[in-house]
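Structural overview for review
Listed below are the residues making up each chain.
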Amino acid sequence: MFPTRRGCLAVSLAAISLAHGFYLPGTAPRDYLTDEKVNVLVNALTPVVGSQAKLKSMINYDYYYPSFHFCQPEGGPKQVSESLGSVLFGDRIFTSPYDIRMLQNSSCELLCNTTVPPEDGKFINDRIREDYEVNWLVDGLPAAEMKEDSKTKQVFYDMGFVLGNNDEDRFPLTPAFNNHLEIILSYHRRENGKKRVVGILVWPMSLAPSTDGTRVCSGGGSLPLHLSETTETVVPFTYSVTWNESSIPWATRYDTYLHIFDPKIHWFSLINSTIIVVFLCGMVSMILYRSVSRDIGRYNALDLNEDVQEDYGWKLVWGEVFRSPRNLMALSVLVGNGSQLTSMVGVTLVFALMGFLSPSNRGALATMMLVGWTLFGFIGGYMSSRVYASFGGTDHHKNLFFTATLVPTFIFIIMFLLNLFLISADSSGAVPFGTMLSVVLLWFGINVPLTIAGGWIGKKHGRVRHPVRVNQIPRQIPPGPKYLQPWPAALLSGILPFGAAFVELYFVLSSIFASRAYYAFGFLALTAGVFALTTATITILFTYFLLCAEEYRWHWRAFLTGGGSAFWLLAYGLFYWVSRLSLDSFTSVVLYLGYLFLLAFLQFLVTGTIGFFSAYWAMRKLYGAIRVD
């Protein structure tokens, strides 16, 4: 009837072997002939966690933002077409002037000389102090720096390379600007003699020209290049290219990028989550099996002609539990949109585990989430309509309208306001008007019709049959304990689900805000499953306590109890801000808080929906097991 300990263990421990996942290539391999040109594409500059272990900005910049004065190709840079998800995630990919050819080594090639005025020199120095990195793409591979994990001693490729050197011990006044790049490319030779690119490393260096203007391309004894903030600075951009043959095949070339920092932490998170959910499932099973089964047996043993009002607790409110809640319209709309988001998250995790969301296919994750959210509008409309009808709602047209528009409009307004801040900061992360219009058309053209279709089918199916009738006169509710009041119960109930996922949450926040790629979808999927199960069981437990206190208004309480972990996510986000961020600009602070609020709101919808449906299922099972005249 209710979750058993064996069932909880099975769900928690299933598919542990999938924890690391795998990836399918996102692009088709390309073969190169000797001396054939290998294109270098440039992407946005992004802030990362620097030497002080804190993120200092939330604003990305185009590679060709005028203040950087990077060299441009003849005829100007041309933008490369990107997927919708890639644009929404801030990718801005352009062509570059670098002339790199297969197996053709070069040394100290001059790209161009530029003159950086003092105000732009200050701008670049500020970006170096904020630990910005340059991002390239070569044959679909991101340029990287080779680093070593201090804990596991494993060598891996860290995407991007630093704009400059901000070592305050070496450069106390002005940071060094990297103007020379040592580019090391790896290739794999096929049986037909053609070659494929399987790796790219970039070693950035800061090298000032000699006093007579001669280019310097070696770090031995040379002086670093500093950008003056009072006078103009002439900057020579140079690069060298070295090709090395590699035994790594094209299919596994991303393995060196897929580094999981301290995998023991992920396993600790899973074990911690499993212990929590097993303990919770055992406690809920014990309470419901011993208490509820005993109560049901005693209640059914009574003669129906006897006065059953002598009994107490949850049995006294059998005629009230399926009474229509206050603000039924709002509840059904939130549950419908929560069902839509939950379906999208579940399917996205399945595709990620199957390897379709390869990091080589840029923007695939965001595109999958957006497409999933759009197509699952059918589920949102259906669930909203069924819940609305089951509790006596009659204005189905208004229900469908609000389900299709209310939550998406709220999210769109927040994103639009945050986008205005990005535009004001000249950030490349600002969503172009055309892309925003495409999202709106996707919403109105596909999501709204599917929501209406789902709602229409839900209306045709009608209300869900409840096991007991609703009394005509509402029962008076006695004063309950303070810990079962809506907001205290929401905060208390959110502790366990949050505790089951907070370790993995750190890596997710680092991926979202610190420009780190996230690969551990196996860990994430297992944690999400444990998190959902914990949310469901804790909501059932609190709902049972609520009914024992003769409080039958469980509908909104279940939604708030299930969504309680969102408040702890918000609190943890503020702690993450204090401990891991050092945001100096007002725009960065607004962006972080805005995205954090949006993330907490979406989680509130998902977990609130899980809580509501788990409590609804428990109510139907519980009251379906008693005999009522």
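Scroll up a little and you will see the structure.
These notes cover the structure that comes with them. (Residues numbered from 1 in each chain as written. Predicted model: local features only at pLDDT ≥ 70, side-chain atom pairs only at ≥ 80, totals over all residues. Heavy atoms only, no water.)

Some thoughts on the sheet that holds strand S3 (residues 46-47)
Strand order in the open sheet formed by three strands is S3-S7-S12, with antiparallel pairing between adjacent strands. Taken across any chain shown, the strands that pair with only one partner, and hence form the sheet edges, are S3 and strand S12 (161-162). Examined bridge by bridge, S3 and strand S7 (residues 132-134) share two bridges and lie antiparallel to one another. For proline 47, the partnering residue across the bridge sits in S7 and is tyrosine 132. (Pairing = 2+ DSSP bridges. Helix = DSSP H or I, 4+ residues; strand = E, 2+ residues; numbered from the N terminus.)

Quick word on the packing of helix H5 (residues 328-353) against helix H13 (residues 554-562)
Angle between the axes and distance between the axes: these two values describe a pair of packed helices. Relative to each other, H5 and H13 sit at 35°, their axes nearing to 11 Å. Classified by chirality, the crossing of H13 by H5 is left-handed. Contacts between H5 and H13 involve Ala330, Leu331, Leu334 and Val335 on the former and, on the latter, His555, Trp556 and Phe559. (Axes fitted to C-alpha atoms, helices over the stretch in contact; angles between N-to-C directions. Left-handed = near helix turned anticlockwise from the far one by under 90°. Contact = heavy atoms within 4.5 Å.)

A word on the packing of H5 against helix H6 (residues 364-375)
Two numbers describe how H5 lies on H6: the axes approach to 9 Å, and their chain directions differ by 140°. Here H6 runs oblique to H5, going by the angle between their axes. Viewed along their axes, H5 and H6 form a crossing whose handedness is right-handed. Residues Gln340, Leu341, Met344, Val347, Thr348 and Phe351 of H5 touch H6, and the partners they reach there are Leu365, Met368, Met369, Gly372 and Trp373. Of the residues contributing to the contact of H5 with H6, the split by class is eight nonpolar, three polar and no charged. (Parallel < 35°, antiparallel > 145°, perpendicular 65-115°, else oblique. Nonpolar A, V, L, I, M, F, W, Y, C, P; charged D, E, K, R; others polar.)

Brief notes about the nonpolar core
Counting 77 residues, the largest nonpolar core has Trp136, Leu163, Phe177, Ile183 and Ile200 as the members making the most contacts within it. Counting residues per element, this core draws most heavily on helix H15 (residues 586-623), at seven residues. In terms of nonpolar packing, the next biggest core, distinct from the first, is built from 59 residues, Phe322, Leu331, Leu341 and Ala618 among them. (Core = buried A, V, L, I, M, F, W, Y, C linked by side-chain atoms within 4.5 Å. Buried < 20%, exposed > 50% of the residue type's maximum accessible area, 1.4 Å probe, protein only.)

As for the sheet that holds strand S4 (residues 94-95)
If you trace the four strands from one edge of the open sheet to the other, you get S4-S2-S8-S9, paired in antiparallel fashion. Edge positions in the sheet fall to S4 and strand S9 (141-142), since each of these pairs with one other strand and no more.

Regarding the pattern of salt bridges
Under the criterion given, the structure shown has 17 salt bridges. Across the pair glutamate 550 and arginine 475 runs a salt bridge whose closest N-O atoms are separated by 3.6 Å. Taken together, the residues span a long stretch of sequence, with glutamate 550 in the loop between helix H12 (521-548) and H13 and arginine 475 in the loop between helix H9 (433-461) and helix H10 (486-493) at a distance of 75 residues. For arginine 475, a relative accessible area of 26% translates into the label partly exposed. (Salt bridge = Lys/Arg side-chain N within 4 Å of Asp/Glu carboxyl O.)

Focus on empty space enclosed by the protein
As enumerated under the stated definition, the model contains six cavities of 30 Å³ or more in all. Counted as a void, the largest cavity has a volume near 130 Å³. Looking at the largest cavity, it is lined by 15 residues, and the ones nearest its centre are Phe70, Tyr98, Phe161, Asn178 and Leu181. Class assignment of the residues belonging to the lining of the largest cavity gives a composition of 12 nonpolar, three polar and no charged. Taken as a whole, the second largest cavity encloses approximately 80 Å³ of empty space. Counting residues per element, the ones that place at least two in the lining of the second largest cavity are H10, H12 and H13. Of the residues belonging to the lining of the second largest cavity, the class tally is seven nonpolar, three polar and one charged. (1 Å grid on protein atoms, 1.4 Å probe; cavity = no way out; pocket = protein on both sides within 12 Å on 5 of 7 lines; lining within 4 Å. Points joined across faces, edges and corners; volume = space filled by probe spheres on them.)

Some remarks on a nonpolar patch on the surface
On the surface, Ile413, Phe416, Leu417, Leu420 and Ile423 cluster together into a nonpolar patch covering about 440 Å² of accessible area. If you trace the backbone, phenylalanine 416 turns up in helix H8 (residues 396-424). On the accessibility criterion, phenylalanine 416 (37% relative accessible area) is partly exposed. (Patch = residues over 30% accessible without salt bridge, like charges linked within 9 Å, V, L, I, M, F, W, Y side chains within 5 Å. Areas by Shrake-Rupley, 256 points an atom, 1.4 Å probe, with all protein chains shown as cover.)

Considering the environment of asparagine 43
Turning to its location among the elements, asparagine 43 is positioned in the loop between strand S2 (40-42) and S3. As for asparagine 43 and proline 142, which are separated by 99 residues in sequence, their C-alpha atoms are 9.5 Å apart. A polar atom in the side chain of asparagine 43 sits 2.9 Å from the backbone nitrogen of arginine 92. (Polar contact = N/O pair within 3.5 Å; in protein donor to acceptor, adjacent residues only side chain to side chain.)

Concerning the state of the cysteines
By the definition in use, this model includes one disulfide. Here cysteine 71 is linked by a disulfide to cysteine 112, with a sulfur-sulfur distance of 1.7 Å. When the S-S torsion is -80°, as for the bridge of cysteine 71 with cysteine 112, the disulfide is left-handed. Note that cysteine 71 is positioned in the loop between S3 and helix H2 (84-88) and cysteine 112 in strand S6 (residues 106-116), a separation of 41 residues in sequence. Taking the relative accessible area as the measure of exposure, cysteine 71 reaches 5% and is therefore buried. (Disulfide = S-S within 2.5 Å.)

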